[in-house]
Amino acid sequence: MSRLKKYFIYGCSLSMFLISFLLMIYYGKETFYLEGQLNNKKVYDYHFVLITEEVGNDYWRLIESGAREQALANNVYLEYIGPEQADLKERLNTFDRMIAANVDGIFIQGLPGNRFTYLVEKAKDQSIPVATIDADAPESARNFYVGTDNYQAGYLAGKTLIKHTSGTINIGIIVGSMESLNQQLRLKGLKEAIASVKRIKIISIDESTISEIGAAQATYALLKNNPEINALFGLSALDGIGIVQGVEEMNPSNYPFIVAFDTLPETISLIEKDKIFATVVQYPNQMGRQAIELMLNLKNNQAVDAFNYTNTGVLLKSDITNGGILAKGDPN
Ligand code: BGC
């Protein structure tokens, strides 16, 4: 055998050895990882999943922290997943994947459309309970809802405007998303609250895609196209903050009357600075805690109400002391 041929054969054998070795390490790791996952199942009593509207959204992080606290206290493995940016299709796909993974319970916002109702049915067929959280879809087969009475919350926002203003009021409204079921209900409540008051009318409605920048841009456009607007509502958690940015950019001669939603720290600070007049309070932390509690009751064959409303209230500057809030009936 020529020396060249020998080197060639040695070279080939060495390469094959190296490839087999690397494959062994790779597949060995995969197998090990799978075992790790299976072990998880043994350690926890249940594996629940909270599908969020937007993974990094501060409001959803509060729901998560309440749920996590309760999960930890009850030996529940809680998975928190969702899109980076609000995306209906992605959430529905995640919902489907979690059903396929055969988890022990799913929390998700009630979503519009047939695919959502179909997936709830599919989960039910596999005995996986589904709870809607933050937004309900009562016509679906979901086991229960936990969250704000969104119609009532919108109604409260409208009543706040009536109570604290006089003269002609022209409203601009920013909603998180038109397709969102809780936004639709808040809008309905708000419209019905002001319906009989002649001095108040709605001029225009736009979307923020639940982002601060989206709310700022929408506000700027609303004020530019409708200079008569002198009141603004933000119906999801980051809208009030974005509205203030949009207003400051536009710099109208009369600062509008602003009503926001939720009590994120920046909203509170803008109320303290007299930029936002009031905010409608929700209790996301409580929603998360209660969701886990109720799901566990269901697992233990206890009866669970179909509607579990968390508190709602209106927060004004006089309810804030040094950044802390003193909302009436605060259950936290
Ligand atoms: C709503 C949530 C929404 C969030 C967006 C809250 O007011 O209840 O549905 O995801 O705002 O920031």
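See the structure shown above.
Every chain begins its residue count from 1, and numbering advances along the sequence as written. Per-residue local features of the predicted model are confined to residues with pLDDT of at least 70, and side-chain atom pairs are confined, for both listing and counting, to 80 or more; whole-chain, interface and lining totals are unaffected and use all residues. Note: side-chain values were computed over all heavy atoms of the structure, leaving out hydrogens and water.

Novice: Which parts of the structure should I look at to understand the overall build of the protein?
Specialist: Helical segments are the DSSP runs of H or I of at least four residues, strand segments are the runs of E of at least two, and each set is numbered from the N terminus. When helices and strands are counted, the protein shows 10 helices and 14 strands. Burial here depends on accessible area, computed with a 1.4 Å probe over protein chains only, as a share of the maximum for the residue type. Under 20% is buried, over 50% is exposed, and the range in between is partly exposed. Burial analysis of the protein (332 residues in total) assigns 47% to the buried set. Working rule for contacts: check all heavy atoms of both residues, and any pair within 4.5 Å makes them a contact. For the protein, contacts bridging at least 24 residues in sequence account for 73% of all contacts bridging at least 6. With residues, only the protein chains shown are counted as cover, and all accessible areas are computed by Shrake-Rupley using a 1.4 Å probe. A total accessible area of about 16800 Å² is found for the protein, and carbon and sulfur atoms account for 54% of it.

Novice: Would you explain the sheet that holds strand β1 (residues 46-51) in this entry?
Specialist: What links the strands of a sheet is backbone hydrogen bonding, and the strands pair in either a parallel or an antiparallel sense. Pairing between two strands is assigned when DSSP locates at least 2 bridges connecting them. Pairing is parallel in the open sheet, where 6 strands are placed in the order β2-β1-β3-β4-β5-β11. Only two strands of the sheet have a single partner each, and these edge strands are β2 (76-81) and β11 (307-309). If you compare each strand with its neighbour and ignore which way they point, the axes differ by 20° on average. Two strands pair when backbone bridges link them, and β1 and β2 are joined in this way by 6 bridges, in the parallel orientation. Bridge pairing in β2 places I51 opposite I81. Comment: axis = line fitted to C-alpha atoms, over the contacting stretch for helices; angle = value between 0 and 180 degrees taken between N-to-C directions.

Novice: In this structure, what is going on with the sheet that holds strand β7 (residues 200-207)? I would like to understand it.
Specialist: Strand order across the open sheet formed by 6 strands is β7-β6-β8-β9-β10-β12, with mixed pairing between neighbours. One side of each edge strand has no neighbouring strand; the edge strands of this open sheet are β7 and β12 (313-316). Neighbour to neighbour, the strand axes of the sheet diverge by 20° on average, direction disregarded. Summarising the sheet, strand β9 (residues 257-261) and strand β10 (residues 278-281) pair through 3 bridges and their orientation is parallel. Within the sheet, the bridge partner assigned to A260 lies in β10 and is T279.

Novice: What's the story with the packing of helix α5 (residues 150-164) against helix α6 (residues 181-194) in this structure? I'm lost.
Specialist: The packing of two helices is summarised by the inter-axis angle and the distance between the axes. α6 packs onto α5 with a crossing angle of 40° between their chain directions and a minimal axis gap of 6 Å. When the axes of α5 and α6 are compared, the pair comes out oblique. Note that α5 runs across α6; the crossing there is right-handed. Along its contact with α5, which presents N150, Y151, G154, Y155, A157, G158, K159, L161 and I162, the element α6 presents N182, L185, R186, K188, G189, L190, E192, A193 and I194. An angle counts as roughly parallel when it lies under 35 degrees, as roughly antiparallel when it exceeds 145, as roughly perpendicular when it falls between 65 and 115, and as oblique in every other case. Helix crossings are classified by the rotation of the near helix relative to the far one: an anticlockwise turn of less than a right angle makes the crossing left-handed, while a clockwise turn makes it right-handed.

Novice: Honestly, the pairing of β7 in this entry has me stumped. Any pointers?
Specialist: Along a regular strand, successive side chains alternate from one face of the sheet to the other. Two strands pair when backbone bridges link them, and strand β6 (residues 169-175) and β7 are joined in this way by 7 bridges, in the parallel orientation. Directly across from I171, in β7, lies its bridge partner I202. Clockwise travel from the first strand over the helix to the second, with the strands pointing away from the viewer, marks a crossover as right-handed. What joins β6 to β7 is α6, and the crossover it makes is right-handed.

Novice: Would you explain empty space enclosed by the protein in this entry?
Specialist: In this approach, a probe sized like a water molecule rolls over the atoms, and the result shows the empty space that is left. A pocket here means an open set of points on a 1 Å grid, computed over the protein atoms alone, that has protein on both sides within 12 Å along at least five of seven lines. A cavity is instead a set of points where a 1.4 Å probe fits but cannot get out; residues with an atom within 4 Å of a point line either one. Grid points are joined across faces, edges and corners, and a volume is the space filled by probe spheres set on the points. Evaluation of the coordinates by the stated rule reveals 1 cavity of 30 Å³ or more. Of the volumes computed, that of the largest cavity is approximately 160 Å³. What lines the largest cavity is a set of 17 residues, among which E53, Y59, I210, S236 and A237 lie closest to the centre. Elements supplying a minimum of two residues to the lining of the largest cavity: α2 (58-73) and α6. Under the grouping applied here, Gly and all other residues not named as nonpolar or charged are polar, the nonpolar ones being Ala, Val, Leu, Ile, Met, Phe, Trp, Tyr, Cys and Pro and the charged ones Asp, Glu, Lys and Arg. In terms of residue class, the lining of the largest cavity is built from 5 nonpolar, 8 polar and 4 charged.

Novice: Would you explain the side chain of T52 in this entry?
Specialist: Inspection of the secondary structure assignment puts T52 in the loop between β1 and α2. Within polar-contact distance, the side chain of T52 engages the backbone nitrogen of E54 at 3.0 Å. In contact with T52, other than residues within four places in its own chain, are W60, Y80, I81, G82, P83 and R91. Under the rule applied, a polar contact is a pair of N or O atoms within 3.5 Å (in protein, one hydrogen donor and one hydrogen acceptor; residues adjacent in sequence only if both atoms are side-chain atoms).

Novice: Please clarify how the site of the ligand should be interpreted in this entry.
Specialist: Looking at the ligand, there are 14 residues lining it, with E53, W60, D134, R186 and D262 nearest. A distance of 2.8 Å separates an oxygen atom of the ligand from a polar atom in the side chain of N182. Here an oxygen atom of the ligand sits 2.5 Å away from a polar atom, N or O, in the side chain of D262. Contact with the protein chains covers 99% of the free accessible surface of the ligand, which is 310 Å². The rule for placing a molecule in a cavity or pocket is simple: more than half of its atoms must lie within 2 Å of the grid points. The site holding the ligand turns out to be the largest cavity. Only α2 and α6 provide two or more residues apiece to the shell around the ligand. Nearness here has a simple test: a residue counts as near a molecule or strand if at least one of its heavy atoms is within 4 Å of that partner.

By themselves, these observations are geometric and do not establish any function.
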